[in-house]
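Architecture at a glance
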Amino acid sequence: MFKRIKRIYRKNLLVKVASFNTLSVFTRLISGFILSKAVAYFLFPQGMAFTGNLRSFLVSCQGISVSGVQNGLIKYTAENKNNKQELKKIISTSFFLVTIFTVFALLILIIFSNYFCVLVFGNNTYAYAIKILAYVLPLFTLNTFILSIINGLGKYKSIIIINTIGYIVNVIIIVLLMYFHKLEGAILAIVTVPSILLFITLFWIKEVKLIFANISFSSFSKNYFNGLSSFVIMAIFTALTIPIVHVIVKNHIIDTIGLKEAGYWEAMIKISQYYLMFIMSLFSLYLLPKLSENKTDEGFRNLIVKFYKTILLPVAIGFIIIYFLKYWIVRITLTQEFLPTQDLFFWQLIGDFFKIISFTIAYQMQAKKMLLWYLFGELFYVSTVYFFSIYFIDKFHLEGAVIGHALSYIFYFLLMLFIFRKPLLTKRIIKVER
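Bear in mind the structure is a predicted one, so any value in this text is a computation, not a measurement. (Residues numbered from 1 in each chain as written. Predicted model: local features only at pLDDT ≥ 70, side-chain atom pairs only at ≥ 80, totals over all residues. Heavy atoms only, no water.)

Side note on the packing of aromatic side chains
We count it as follows: Note on ring pairs: Phe, Tyr and Trp rings are taken, using the six-membered ring of Trp, and paired if centres are within 6.5 Å. Classes follow the plane angle, with under 30 degrees stacked, over 60 edge-to-face and the rest tilted. Helix numbers and strand numbers start at the N terminus; a helix is a DSSP run of H or I with at least 4 residues, a strand a run of E with at least 2. Only protein chains enter the accessibility calculation, which uses a 1.4 Å probe. A residue is then buried if its area is under 20% of the maximum for its type, exposed if over 50%, and partly exposed in between. Both a distance and an angle decide whether a charge sits over a ring: NZ of Lys or CZ of Arg must be within 6 Å of the ring centre and within 35 degrees of the ring normal.
All told, the structure shown has 39 aromatic pairs when counted by the stated rule. Between Phe96 and Phe220, the ring centres sit 5.1 Å apart and the planes meet at 75°, which makes this aromatic pair edge-to-face. One end of the pair, Phe96, is in helix H5 (residues 84-111); the other, Phe220, is in the loop between helix H9 (208-213) and helix H10 (222-256), with 124 residues separating them in the sequence. Judged by its relative accessible area of 27%, Phe96 falls in the partly exposed class. Taken together, Phe283, Phe307, Phe359, Tyr363, Tyr381, Tyr409 and Tyr412 form an aromatic cluster joined through their ring pairs. The side chain of Arg421 reaches across the aromatic face of Phe418, ending 4.3 Å from its centre.

Quick word on the pattern of salt bridges
The line we're drawing: Salt bridges are defined by distance alone: a side-chain nitrogen of Lys or Arg within 4 Å of a carboxyl oxygen of Asp or Glu.
Evaluated as defined, the whole model comprises six salt bridges. A salt bridge links Glu86 to Lys89, with the nearest nitrogen and oxygen atoms 3.6 Å apart. Linking Glu86 with Lys89, this pair stays in helix H5, spanning three residues, or about one helical turn. Its salt-bridge partner being Glu337, residue Lys260 comes within 3.9 Å of it at the nearest N-O pair. Of this pair, Lys260 sits in helix H11 (residues 259-293) while Glu337 sits in the loop between helix H13 (326-333) and helix H14 (345-367), and the two are 77 residues apart along the sequence. Residue Glu337 is classed as partly exposed on the basis of its relative accessible area, which comes to 32%.

Considering the nonpolar core
The following threshold applies: Definition of nonpolar core: a set of buried residues of the types Ala, Val, Leu, Ile, Met, Phe, Trp, Tyr and Cys, connected through side-chain atoms within 4.5 Å. Two residues form a contact once any of their heavy atoms are found within 4.5 Å.
In terms of nonpolar packing, the biggest core is built from 135 residues, with Leu109, Phe145, Ile361 and Met416 touching the most fellow members. Here the element with the most residues in this core is H11; it accounts for 19 residues. Here Met416 is in contact with Ser358, Ile361, Ala362 and Met365, once residues within four sequence places are set aside.

A word on helix H3 (residues 44-66)
Operational definition: To estimate how far a helix should extend, the number of its residues minus one is multiplied by 1.5 Å.
Over its 23 residues, H3 extends 33 Å from the first C-alpha to the last, a length consistent with the 33 Å expected when each residue adds 1.5 Å. Here H3 lies mainly inside the structure; 18 of its 23 residues are buried.

What about the side chain of His252?
For the record, the criterion: Whenever two N or O atoms come within 3.5 Å, that pair is a polar contact, provided that in protein one can donate a hydrogen and the other can accept it, and provided that, for residues adjacent in sequence, both atoms are side-chain atoms.
You can see His252 is positioned in helix H10. A polar atom in the side chain of His252 sits 2.9 Å from the side chain of Asp394. With residues up to four places along the chain from it excluded, the contact list for His252 reads Ile257, Ile390, Ile393 and Asp394.

Observations regarding a nonpolar patch on the surface
Our working rule: A residue counts toward a patch only above 30% relative accessible area and without a salt bridge, and it is joined to like-charged neighbours within 9 Å or, for Val, Leu, Ile, Met, Phe, Trp and Tyr, to nonpolar neighbours within 5 Å. Note on areas: Shrake-Rupley with a 1.4 Å probe; residue coverage comes only from the protein chains shown.
A contiguous nonpolar surface patch, about 700 Å² in accessible area, is contributed by Leu313, Ile317, Ile321, Leu325, Tyr327, Trp328 and Ile332. Contributions of two or more residues to the nonpolar patch are made by helix H12 (297-324) and H13. As for its position among the elements, Leu325 is in the loop between H12 and H13.

Shown next, in the form of structure tokens:
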């Protein structure tokens, strides 16, 4: 039996990546537990709502600065990892794009720092934090640039180790700053820590010198520029829609129900991110490179089926366990003041399950640069999550936010089935007809 398990481990790359990724996920869970406990203790639900808004804004800034090059780099590097000449073109063209969009994002953040501060916090007290974010943003984008290439080369162990170290550094800095400076310390840590991780990457990744040696503006490729442009549009559209809708929904909760209730919803989102991190990390570590390498409908169908067979049953069992342990999860990870959060678990778990099965299919749109379908899918999702959330919040109060979350991903999954109905279902239909 042990020999059989060992043989499966060797042959199944997904199982191998998932097994090694457990280290990173375990570390992030522990660090997430410490951070959640610290935020709950030092900042209370109101502080969690503010820091949640800041994190959503940070996601938008990072998405614009990296400008889609991350997924494009993973795709093209995975496809050409054995072709040194093509890799040089990919790296040079990507670096050129990253530089342009990072400078653009930096200038916008500095010029409109007061406006963005009011959008995130409701006042301009912390405008200095937005400016600090602008200055450290280039470090974050350079780190993402390097790790995307390493990911595309299939060196998933290096990615996982760096992420693991990053989680440890992250929790130490945030807790210390929060302990000494409360909300201001948390804000400063949130905007700076992601950029500090560059130094860990430079120390750990041996290929850094080789990557920089391949950067040459004479190797700029118009073909890769056009190809990466699709990813740029995808990333910017997502960065400017999903986090902003998240902030709008949260502000609606604050206006109609209360700031404390917005903190409960943010706490539910944080808990969701912690139990989803294992699966979501597999999308970029394993699924996107594999979908990028694949060239046939049959290969796409087999990848999806294999991914489902590997993860869905453990996910379903895990979600059931999480639901029945929701009281203790809230009690242990947060504080007693956050106990109302447990009323949000049912619909959040439903939505997260459909998020996983829909994302598994949706990643094909990025792997194959299906720009129009991707934009339509994102617009469809943000529209449904906005209208469902606002409608059900007004009808069922705070629980309406998670009902909106669940319904949006159910409809998003149905949309993915419709878009990919031919490659996913055609073979089965032919078998039935025979």
